[in-house]
Amino acid sequence: MNIILLGPPGAGKGTQAGRLMDAYGMKQLSTGDMLRAAVKAQTPVGLQAKAVMESGGLVSDEIVSGIIGEALDALPTATGVIFDGYPRTEAQAHSLDALLAERDRELDHVIELAVDEDALVERITGRFTCASCGEGYHDSFKKPLAEGECDKCHGHEFKRRPDDNEETVRTRMAEYRAKTAPILPIYEARGIVSRVDGMADMNVVTQSIKAILDEK
Ligand code: AP5
């Protein structure tokens, strides 16, 4: 099974992808995570992407489709993929079709996380992750069980993304509205889009997505 999680910044794509990986043995391919790793490693892709990401703009279609192709090549065909943050433009949607067809894969579901944009700024500006294992937290919605200690790996270092400030978040949302939301009709025409209420409790969102994936 290959699925896309689609939604604006802070909709919960990364949160839900992590849970689906655990439940279904699928692999999450997050272009945001891959680009952040490239920035950290100062690779040529990372050097090109850094300033664009910090401004909230979109990295070029060629770069992101290139890294998705490489990531797919590193996976056994039988491993299902959760596309998180990709595709984000019409050109990327067409590239994904080609990348999947070349690898005998099909797209089964596009799950749209429907959210109230005003609430997303609070979600994003309150977000932080464990510096060791990457487990995600939130100042209000998901605090570590023991203060200052990661629930998963018991690490004590946490970090925040440089693009998680209000100004950049507003730019990222505008990019979503202008370039990403318009790709939905491509998938609606194929009858593979399901909408889930992304404002519900995280566990309820997970259950709703699982109900869709378990249908067939
Ligand atoms: P990317 O990393 O993809 O960021 P994004 O799309 O802006 O999404 P986020 O990671 O911010 O949010 P999310 O939906 O995963 O939410 P999360 O689960 O963390 O991209 C970053 C940048 O990289 C882009 O701006 C661009 O420059 C570049 N880029 C990446 N892909 C690209 C592409 N394909 N093309 C071009 N450029 C690209 O949740 C957020 C918070 O809310 C968390 O704290 C979480 O705990 C909390 N939360 C989640 N669900 C709920 C809930 N139901 N109730 C309450 N709180 C919740």
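Scroll up to find the structure this text is about.
Residues numbered from 1 in each chain as written. Predicted model: local features only at pLDDT ≥ 70, side-chain atom pairs only at ≥ 80, totals over all residues. Heavy atoms only, no water.

Colleague: Which residues make up the site of the ligand, and what values go with them?
Modeller: Neighbouring the ligand are 32 residues; T15, G57, R88, R127 and R172 lie closest to it. Here an oxygen atom of the ligand sits 2.9 Å away from a polar atom, N or O, in the side chain of K13. Here an oxygen atom of the ligand sits 2.9 Å away from a polar atom, N or O, in the side chain of R36. Protein chains shield 95% of the accessible area of the ligand, which is 1100 Å² for the free molecule. Of all the secondary-structure elements, those providing two or more residues to the shell around the ligand are α1 (13–24), α2 (31–41) and β6 (136–138). A class-by-class count of the residues in the shell around the ligand yields 13 nonpolar, 11 polar and 8 charged. (Near = heavy atom within 4 Å. Polar contact = N/O pair within 3.5 Å; in protein donor to acceptor, adjacent residues only side chain to side chain. Areas by Shrake-Rupley, 256 points an atom, 1.4 Å probe, with all protein chains shown as cover. Helix = DSSP H or I, 4+ residues; strand = E, 2+ residues; numbered from the N terminus. Nonpolar A, V, L, I, M, F, W, Y, C, P; charged D, E, K, R; others polar.)

Colleague: Just give me the short version of the sheet that holds strand β3 (residues 81–84), but keep the residues and values in it.
Modeller: Sheet architecture is open: 5 strands sit in the order β2-β3-β1-β4-β8, paired in parallel fashion. Two strands bound the open sheet, and with one partner strand each, they are β2 (27–30) and β8 (193–197). Adjacent strand axes in the sheet meet at a mean angle of 25°, parallel and antiparallel pairs treated alike. Of the strands in this sheet, β1 (2–6), β4 (109–114) and β8 are in contact with helix α9 (residues 202–213), which crosses β4 at around 155°. (Pairing = 2+ DSSP bridges. Axes fitted to C-alpha atoms, helices over the stretch in contact; angles between N-to-C directions. Contact = heavy atoms within 4.5 Å.)

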